[in-house]
Structures are given as C-alpha cells and as structure tokens.
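Below, each chain spelled out in residue letters.
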Amino acid sequence: MKNLLIAFLMILTVPAFAQKALSSDIKQVKVFKRNAEVMRSLKTQVNSGKQELVLTGISTSINPSSLQIRFKNASSILLSAKYEPNHILAKSNNPKIDALKLQSEDLNDELSWVVDQKNGLLGMEEVLKKNQDLGGQSGFTPAQVMELSNKYRTKYLEIRKELKGVLKEEKALKQKIAGIQGQLNEMKARFNKPSGTIVLQLSAPRSESLNIECTYTVNNAGWNPLYDIRSNGISSDVKLSYKANIFQNTGQDWNEVDVTVSTGNPTQNNSRPILNPLYVRMMTNYLKDKKKGETASASMKNMAMEFDRKSPMASGYEHNAQISENQLNVEFEIQKRQTILSDGKKNLLALKAYELPTHYVYHTVPKLCNGAFLLAKVTDWSKYNLVSGQANIFFEGAFVGTTQINPEITADTMLLSLGRDNGIVVERKPIEEFMDKKAIGSNKKETLGYKLIVKNKKSMPIEIEILDQIPVSQNNQIEVSLDEKGLADYNKNIGKLLWTAKISSRESWEDQFVYTVKYPKNNAVAGLK
C-alpha cells in the first residue's frame, strides 16, 4: 500500500507539459514617444503532443497585456501565452567583467604588499623614536652621543623618504582599484539585470520546425524630436532636419536591430469621450453671493498671432528613414540597423530632411523694442509630419538660438524668428501737437499721437511689418476713437495697427497714428498709452 501511494505521488509530480527553455533574439523595435514595441524571433524543433516552451531573457519592463505570439507556416496550435518574472538573478559570463575582476585582484595583491611595506617602515620609525633619548644614560662620551645622533638622523630620513614613496604608491593603487570597481559596478548593472520569461503552451499534431515571432511593448523607452532649422540667407528656403533622440533602459540591449520611430502613443487613453446630458437648475442661495471671475481682457491677446522662433543650416546627418503613414500615426523606418544600449542615454538618429517654402519678412514692435527681427514664414507646414519639440536655429552659418515647434496650432503659417538685424533702426516718437488734454463738461478728452520711423541701413531692399496698438475700452463710460491711422490695417476688436512696408536700400519710411480717449473727468484711467 505504501509503495502504491509513493507511485501515485510521483505520477502527480510529473508535469502535464514537457518544458523546453529557449533563447531568442530581438530583431525589430518600434519606438513610440513613451514606450517601445519589441519583436523577438526564434526557431526551434517541437515534438508531437502538448508541450511548454519557455523564452528566457525577457525584459522586466514588459507590458504583459501587449504580448502577441505568431507561428509561421506551422500546424502547431498555441494554447496559452503568459509572462512570468524570474526572481533569480542570472550571472552573466561576460569576458570584460572577468578581465576587470582579474585586474582588480592583481591590484589588491599589489596594494596589500605596499601596505605591508608601509607598516614595516612605520614600525622602524617608532623604534627610532623610542630610543632617541640618550641624555640620561651613562657610559656614552659626547663623541659617541654625536655619532649616534647622526646615525639616527640619517636612518630617520631614509625611513621618511621611503615611506613617502610607499604612501604615494598606495594612493595611486587605491585610485586605480576604485576606478576598476566603478567600471565593474556599471557593467554588472548592465549585464546582470533581472529578467523574466514568456511561457508558451502549445499542441503540435506532429514533429516540426517552428518559427516563432513574439511581440510586446516595454516601458522605460521612448524618443524625443529634435530639429535643426537652417537658412543660408533671405534668398534661400529654410532647410529643416528632423531627428529623433531615442533612449531606453529596459534591461536588454538592442543590438543590430531594425528600428522604426513612430509618432503614436499606445499608453494614451483611447476611449472615446461620452457627452452626458446637461441639466439646468436653480442656483442655491450660498452660490448667489459668489463673486464671478472676470474674463481675460482683449489686451492680453497675442496681436501678432505668431510664435517666437529662430532658425538653423545643412548638417552632416544622413537622413535614411522611410516614411509610412497609417490611419492614426506616422512611422519612420530607419534603413540601417541600429544598436541602442540599455543605459538611458540618448541616441540621435536622423529621420528626414525637408526644404520648406519660405517667405522672409522683418517684424518690429516699436512700442516695446526699437529693433527689427527677421521672420521666416513657412507655409503648408502641416504636411511634414512634425511633432512638438525643440529646434536649434542657424542663420547664415551662425547659431541663433532655440525655439519650440508646436504643430498642434491651427494657423496655416508657422513663424520662425531668426534674430535681430542691427542694420534696421526703428523709432517711435510722440507727436507733441497731438499730446493734448481737454475738459468737456463732465468728461475729459485726451489725444495722443505717435510717429513711426524705420531706417534701412542695409545694402538691399527689405519688407517689414510694423505692429502697434491703441487702447480698447471695456467700459461704456470710456470711449476710444482712432483719428488717424495712416496706411495701417486696423483691427478694432483688439486695437491692433499693422503696417506692411517695402523700403529700398539706405532709405527711410515714416507714418503716424492719432487716437483720442474720452472718459469721466473725475475718474483716473489706466492704459492710455
């Protein structure tokens, strides 16, 4: 009976599936803005019947819900697939790590010998110090005392000299050992990382060769866009170099893999918004006394409706990415295989280069600044598949600065500021004859006028936009009227005055505007100028 029970327990302990551990290689990686999709492949021989394949060396940054398994040209049926963490840290047999360990051991042996020498010299020094007092001892003549003193001095200096060299050697060895230990720690962190396994349960009707593709997404990876915007001068179009800073710290190096950069984001909320009914109701008493917030004033609007930008020039990057666009995002397939280590460092890859149709115009706001800024107006930019990111700007070979490209704006034209041009001088002068205040009954009228002057000191003609403003009233007791606007286009809603002028080389342009503000004379009014 006892033997039968033991046999029964042995049968229970036999696994239902034959298990086989396999290694696989990363072949393709699709990098999203915040995440990456990894594709592994392997080839193995399976036997007829049910069995279990264990794929080892899987990143612990995996999203288990994203796991997909595909069998190529096989009759085997996949029964289940799951990710399991491996809590046992596997030791990596890395020749570089082993070499560093040997070097560290040799240096530690050398350091031990140096420390022994140091201790011996310190002991000799201590003995000399304890036996240096001969003044109270009898039997020594003055000549003998002098001779012993000289010998003591000579020996002491020999010990100190040798000890100084030993201490210097000890310090150097400790620094070398610390450096090697730092390298060891860094390499162990890279190669001796925890990993998991993917367990596949399958049923094979017959023995066959099985090609397996395993796809899943991982965290701790992504990319950031970086742009170089370059212009050789106002007679040439802007050249835009589109690059990707790829990073990953998944615990697995991506060695010689096909890389695709995608603008998609699998972690975003993909649930459509639900609009619930809006019910109107009477407000409770405690809400009636609640102070209402004020809306933003029109003066806070960006009257130029522009983005302060700057611009860059042709780079040495090789743009070897092929673009494919699907329903939801754009993908750049890098034509050459890449190696991206799991160290969190950025790897810069060139995606694409564009030549953007550009119109150059100068822009000035003399009320705020007496300088003129060169703008590059890029039209039809939305077709270039850009994403929000930083851009380095270069103009005529010089670095101008950085800007932020925001393709989510709805404007047809993207404005890039290429910097200030000192060859254009701008002035805004009050016109004294219009600077007048009058009291009319219970009201006061204040008239203000300004002359605008632009001098083109350059050797070529320019086109320039001059932007100014008059106040906008939000109080029916305050009336603002534009008496003279010159050649400006006037936007009454925001008080915007815009001139567009073409100025020949070494020539000047002038215009003026006058406005009047009427308000109760017993009230103080702000924002007149």
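Residues numbered from 1 in each chain as written. Predicted model: local features only at pLDDT ≥ 70, side-chain atom pairs only at ≥ 80, totals over all residues. Heavy atoms only, no water.

1. Considerations on the overall build of the chain
Then comes step 1: A tally of regular secondary structure across the chain gives four helices and 27 strands.
Then comes step 2: Taken over 529 residues, the chain has a buried fraction of 38%.
Then comes step 3: The long-range fraction of contacts in the chain, counting pairs at least 24 apart against all pairs at least 6 apart in sequence, stands at 78%.
Then comes step 4: For the chain, the accessible surface area stands at approximately 32,400 Å², while carbon and sulfur atoms represent 50% of it. (Helix = DSSP H or I, 4+ residues; strand = E, 2+ residues; numbered from the N terminus. Buried < 20%, exposed > 50% of the residue type's maximum accessible area, 1.4 Å probe, protein only. Contact = heavy atoms within 4.5 Å. Areas by Shrake-Rupley, 256 points an atom, 1.4 Å probe, with all protein chains shown as cover.)

2. Points about the sheet that holds strand β16 (residues 372-379)
Then comes step 1: On the basis of which strands lie adjacent, the open sheet formed by six strands has the order β19-β16-β15-β23-β26-β25 and mixed pairing. In this open sheet, the two edge strands, each paired with only one partner strand, are β19 (413-421) and β25 (489-491). The average angle at which neighbouring strand axes cross in this sheet is 30°, direction not considered.
Then comes step 2: With three bridges joining them, β25 and strand β26 (residues 496-503) adopt antiparallel strand pairing. Following the sheet pairing, Asn491 is matched in β26 by Lys496. (Pairing = 2+ DSSP bridges. Axes fitted to C-alpha atoms, helices over the stretch in contact; angles between N-to-C directions.)

3. Structural notes on the packing of aromatic side chains
Then comes step 1: Tallied over the full model, the rule gives seven aromatic pairs.
Then comes step 2: Each ring, one from Phe513 and one from Tyr515, has its centre 6.3 Å from the other, and the planes form 10°; the classification is stacked. With respect to class, Phe513 is no different from Tyr515; both count as buried.
Then comes step 3: Ring-pair connections join several aromatic residues into one group, and the members of that group are Tyr450, Trp499, Trp509, Phe513 and Tyr515.
Then comes step 4: The ring of Trp223 is capped by Lys33, whose NZ or CZ atom sits 5.8 Å from the centre of that ring.
Then comes step 5: In this structure, Arg428 packs its charged tip against the face of Tyr450, placed 3.9 Å from the ring centre. (Phe/Tyr/Trp six-rings, centres within 6.5 Å; stacked < 30°, edge-to-face > 60°. Lys NZ or Arg CZ within 6 Å of the ring centre and 35° of its normal.)

4. Notes on the nonpolar core
Then comes step 1: Residues Ile198, Tyr242, Trp254 and Ile464 are the most contacted members of the largest nonpolar core, which totals 84 residues.
Then comes step 2: In terms of residues, this core owes the most to one element, strand β8 (residues 208-231), which gives nine residues.
Then comes step 3: With near-sequence residues (within four places) excluded, Ile464 lies in contact with Val361, Tyr362, His363, Thr364, Ala372, Ile424, Val454, Trp499, Thr500, Ala501 and Ile503.
Then comes step 4: In terms of nonpolar packing, the next biggest core, distinct from the first, is built from 15 residues, Leu121, Leu173, Leu184 and Met187 among them. (Core = buried A, V, L, I, M, F, W, Y, C linked by side-chain atoms within 4.5 Å.)

5. Some points on the side chain of Asp421
Then comes step 1: The topology assignment puts Asp421 in strand β19.
Then comes step 2: Residue Asp421 is classed as buried on the basis of its relative accessible area of 16%.
Then comes step 3: With residues up to four places along the chain from it excluded, the contact list for Asp421 reads Tyr362, Ala372 and Lys458.

6. A look at the pattern of salt bridges
Then comes step 1: Taken as a whole, this structure holds 15 salt bridges when the rule is applied.
Then comes step 2: The residue Arg230 makes a salt bridge to Asp228 at a minimum N-O spacing of 3.7 Å. Of the two residues examined, Arg230 and Asp228, each falls in the buried class.
Then comes step 3: The closest approach of N and O atoms between Glu427 and Lys429, which form a salt bridge, is 3.9 Å.
Then comes step 4: A relative accessible area of 40% means that Lys429 is categorised as partly exposed. (Salt bridge = Lys/Arg side-chain N within 4 Å of Asp/Glu carboxyl O.)

7. Notes on the pairing of strand β23 (residues 462-469)
Then comes step 1: Within β23, six of the eight residues are buried, leaving the element largely enclosed by the surrounding structure.
Then comes step 2: Summarising the sheet, β23 and β26 pair through eight bridges and their orientation is antiparallel. The partner of Ile464 across the bridge, within β26, is Ala501.

8. Examining the environment of Thr516
Then comes step 1: Along the chain, Thr516 turns up in strand β27 (residues 508-520).
Then comes step 2: Separated by 70 residues in sequence, Thr516 and Glu446 place their C-alpha atoms 5.6 Å apart.
Then comes step 3: Within the structure, the side chain of Thr516 is placed 3.1 Å from the side chain of Thr447, a separation counted as a polar contact. (Polar contact = N/O pair within 3.5 Å; in protein donor to acceptor, adjacent residues only side chain to side chain.)

9. As for a negative patch on the surface
Then comes step 1: On the surface, Glu105, Asp106, Asp109, Glu110 and Glu169 cluster together into a negatively charged patch.
Then comes step 2: Considering every element that reaches the negative patch, the biggest residue donor is helix α2 (residues 95-130), with four residues.
Then comes step 3: A relative accessible area of 38% places Glu110 in the partly exposed class. (Patch = residues over 30% accessible without salt bridge, like charges linked within 9 Å, V, L, I, M, F, W, Y side chains within 5 Å. Lys, Arg positive; Asp, Glu negative; His and termini not counted. Charge placed at Lys NZ, Arg CZ, Asp CG, Glu CD.)

10. Quick word on the confidence of the model for the chain
Then comes step 1: Summarising the model, the chain shows a mean pLDDT of 81, and 82% of its residues fall at 70 or more.
Then comes step 2: Note on residues 4-15: pLDDT is under 50 here. Beyond four places in sequence and across chains, it has zero contacts.
Then comes step 3: Within the model, the stretch residues 286-317 combines pLDDT values under 50 with 71 contacts to residues more than four positions away or in other chains. (pLDDT = per-residue confidence, 0-100.)

11. Focus on α2
Then comes step 1: Given a rise of 1.5 Å per residue, 36 residues ought to cover 52 Å, and the 53 Å separating the end C-alpha atoms of α2 matches this to within 8%.
Then comes step 2: Along α2, the positions that sit buried rather than exposed are Ile97, Leu100, Ser104, Leu107, Leu111, Val114, Lys118, Leu121, Glu125 and Leu128. (Expected span 1.5 Å × (residues − 1).)

12. Some thoughts on unusual backbone geometry
Excluding glycine, residues mostly have negative phi values, and the peptide bonds linking residues are mostly trans.
Then comes step 1: Although it is not a glycine, Asn220 adopts a positive phi angle of roughly 60°.
Then comes step 2: Along the chain, Asn220 turns up in strand β8.
Then comes step 3: For Asn220, a relative accessible area of 46% gives the class partly exposed.

13. Quick look at the environment of Ser80
Then comes step 1: Within the element layout of this structure, Ser80 appears in strand β6 (residues 77-86).
Then comes step 2: A relative accessible area of 28% means that Ser80 is categorised as partly exposed.
Then comes step 3: Taking the C-alpha atoms as reference points, Ser80 and Leu200, 120 residues apart in sequence, are found 5.9 Å from one another.
Then comes step 4: Beyond its immediate stretch of four places on either side in the chain, Ser80 contacts Val199, Leu200 and Gln201.

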